Amino acid sequence: MDEILQRLIEGVRRFQTEVYPEQAEMFERAASEKQTPHTLFIACADSRIDPIAITSSSTGEIFVARNIGNMVPAYGEMLGGVSAVIEFAVSSLGVRHIVICGHSHCGAMQALLVPTSVATMPTVQSWLHNAHAALAVAENLHADPSGAHPEREVIDILTEQNVLLQMQHLKTHPSVAGAIAKRRLTISGWIYSIGTGQVRVAPDGEHTFTPIGEGTPIGA
Ligand SMILES: [Zn+2]
């Protein structure tokens, strides 16, 4: 049999014999009740990001949407999977928070800076248009010697600006705008550092990302 498929099947067997039996009651309960996740987590498809592990969450707590570069097309731009996930999560599931999580070493951010790297991938190229405004902001911030970003790598600035831009796009979706107006929903932007496990958070309305564990507690 296919070597990779075999590896995946062996993983399922381990799940069935080791993991499931220990939590059978929880899984049975999850199947018998309507799901009630409190958060929609929008992350990059990068295989090194694990939203459930990062947040120490359990089955049923986090509704997850993943794509190249953790992007949210502005409403009406590309009505598709991401827009449908957002609308369903907010309007039907009633999630109370949406996280947009960017990350270090993101291939999508690298591709924005070096477009020739995706010259043979027209679909990826088209998708990256969702972050072009962030690229323009990042390049200007990086070029401004009097700015607040001295000696930072442009990709780090871009990664942050992309998350902030996608938070703006998120608010163009009627379901999100309505729920925020009714104070039923809040949003935040995160940057996850793959190598260190550090997570930095920008609550809605802030443009700086504060490391968790340093300074004033987030939301205080
Ligand atoms: Zn990425």
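What this report covers is the structure whose coordinates are included nearby. (Residues numbered from 1 in each chain as written. Predicted model: local features only at pLDDT ≥ 70, side-chain atom pairs only at ≥ 80, totals over all residues. Heavy atoms only, no water.)

1. Examining the packing of helix α7 (residues 132–143) against helix α8 (residues 154–170)
At step 1: At a closest axis distance of 8 Å, the pairing of α7 and α8 adopts a crossing angle of 140°. Put simply, α7 runs oblique to α8. Of the two elements, α7 crosses α8, and the hand of that crossing is right-handed. Taking contact as the criterion, the partners of Ala133, Ala134, Leu135, Val137, Ala138, Leu141 and His142 in α7 are, on α8, Val154, Ile157, Leu158, Gln161, Asn162 and Leu165.
At step 2: Tallied by class, the residues present in the contact of α7 with α8 amount to 10 nonpolar, three polar and no charged. (Axes fitted to C-alpha atoms, helices over the stretch in contact; angles between N-to-C directions. Helix = DSSP H or I, 4+ residues; strand = E, 2+ residues; numbered from the N terminus. Parallel < 35°, antiparallel > 145°, perpendicular 65-115°, else oblique. Left-handed = near helix turned anticlockwise from the far one by under 90°. Contact = heavy atoms within 4.5 Å. Nonpolar A, V, L, I, M, F, W, Y, C, P; charged D, E, K, R; others polar.)

2. Description of the sheet that holds strand β3 (residues 97–103)
At step 1: Sheet architecture is open: six strands sit in the order β2-β1-β3-β4-β5-β6, paired in mixed fashion. Each end of this open sheet is capped by a strand with a single partner; those strands are β2 (62–67) and β6 (210–211).
At step 2: Note that strand β1 (residues 39–44) and β2 share six bridges and pair parallel. Along β2, the bridge assignment pairs isoleucine 42 with alanine 65.
At step 3: Against the sheet, helix α4 (residues 81–92) engages β1, β2 and β3, with an angle of about 170° to β2. (Pairing = 2+ DSSP bridges.)

3. What about a nonpolar patch on the surface?
At step 1: On the surface, a cluster of nonpolar side chains totalling about 440 Å² of accessible area is made up of Met1, Ile4, Leu5 and Leu8.
At step 2: Within the element layout of this structure, isoleucine 4 appears in helix α1 (residues 3–22).
At step 3: A relative accessible area of 46% places isoleucine 4 in the partly exposed class. (Patch = residues over 30% accessible without salt bridge, like charges linked within 9 Å, V, L, I, M, F, W, Y side chains within 5 Å. Areas by Shrake-Rupley, 256 points an atom, 1.4 Å probe, with all protein chains shown as cover. Salt bridge = Lys/Arg side-chain N within 4 Å of Asp/Glu carboxyl O. Buried < 20%, exposed > 50% of the residue type's maximum accessible area, 1.4 Å probe, protein only.)

4. Points about the side chain of arginine 200
At step 1: Its place among the elements puts arginine 200 in strand β5 (residues 199–203).
At step 2: Not counting residues up to four positions away in its chain, the partners in contact with arginine 200 are Arg152, Glu160, Gly189, Trp190, Ile191, Phe209, Thr210 and Pro211.

5. Examining the pairing of β5
At step 1: The element β5 is extensively covered by neighbouring structure, given that four of its five residues are classed as buried.
At step 2: Here five bridges tie strand β4 (residues 186–192) to β5, and the two strands are oriented antiparallel to one another. Looking at the pairing, tyrosine 192 lines up with valine 199 of β5.
At step 3: Turn length for the β4-β5 hairpin, with the two strands adjacent in sequence and antiparallel, is six residues, and the turn residue glycine 197 shows positive phi of about 80°.
At step 4: Here two bridges tie β5 to β6, and the two strands are oriented antiparallel to one another. Across the sheet, the residue bridging to valine 201 is threonine 210, located in β6.

6. Some details on the coordination of the zinc ion
At step 1: Looking at the zinc ion, the protein donor atoms are Cys44 (SG), His103 (NE2) and Cys106 (SG), and they sit 2.0 to 2.2 Å from it.
At step 2: Read in sequence order, the donor residues for the zinc ion give the motif C-x58-H-x2-C. No difference in accessibility class separates histidine 103 from cysteine 106, as the two residues are buried. (Donors = N, O, S within 2.8 Å, 3.2 Å for Na, K, Ca; no water.)

7. Overview of the pattern of salt bridges
At step 1: If you walk through the whole model with that rule in mind, you get four salt bridges.
At step 2: A salt bridge links arginine 152 to glutamate 160; the shortest N-O distance between them is 2.9 Å.
At step 3: Within the structure, one salt-bridge network assembled from shared partners comprises Arg152, Glu160 and Arg200.

8. Here's the deal with α7
The α-helix advances 3.6 residues per turn, and as a result positions three or four apart in sequence lie on the same side.
At step 1: Its 12 residues place the ends of α7 17 Å apart at the C-alpha level, agreeing with the 16 Å of an ideal helix rising 1.5 Å per residue.
At step 2: Taken together, the buried positions of α7 are Ala134, Leu135 and Ala138. For α7, the buried positions fall inside an angular range of 100° around the axis, keeping them on one side. Facing away from the buried side of α7 by over 90 degrees, the exposed positions are Asn140 and Ala143.
At step 3: As for α7, its buried residues are in contact with α5 (107–113) and α8. (Expected span 1.5 Å × (residues − 1). Arc of directions from axis to C-beta.)

9. Quick word on the pairing of β1
At step 1: Most of β1 sits out of view: six of its six residues are buried.
At step 2: Taken together, the five bridges between β1 and β3 define a ladder with parallel strand orientation. Across the sheet, threonine 39 pairs through a bridge with histidine 97, a residue of β3.

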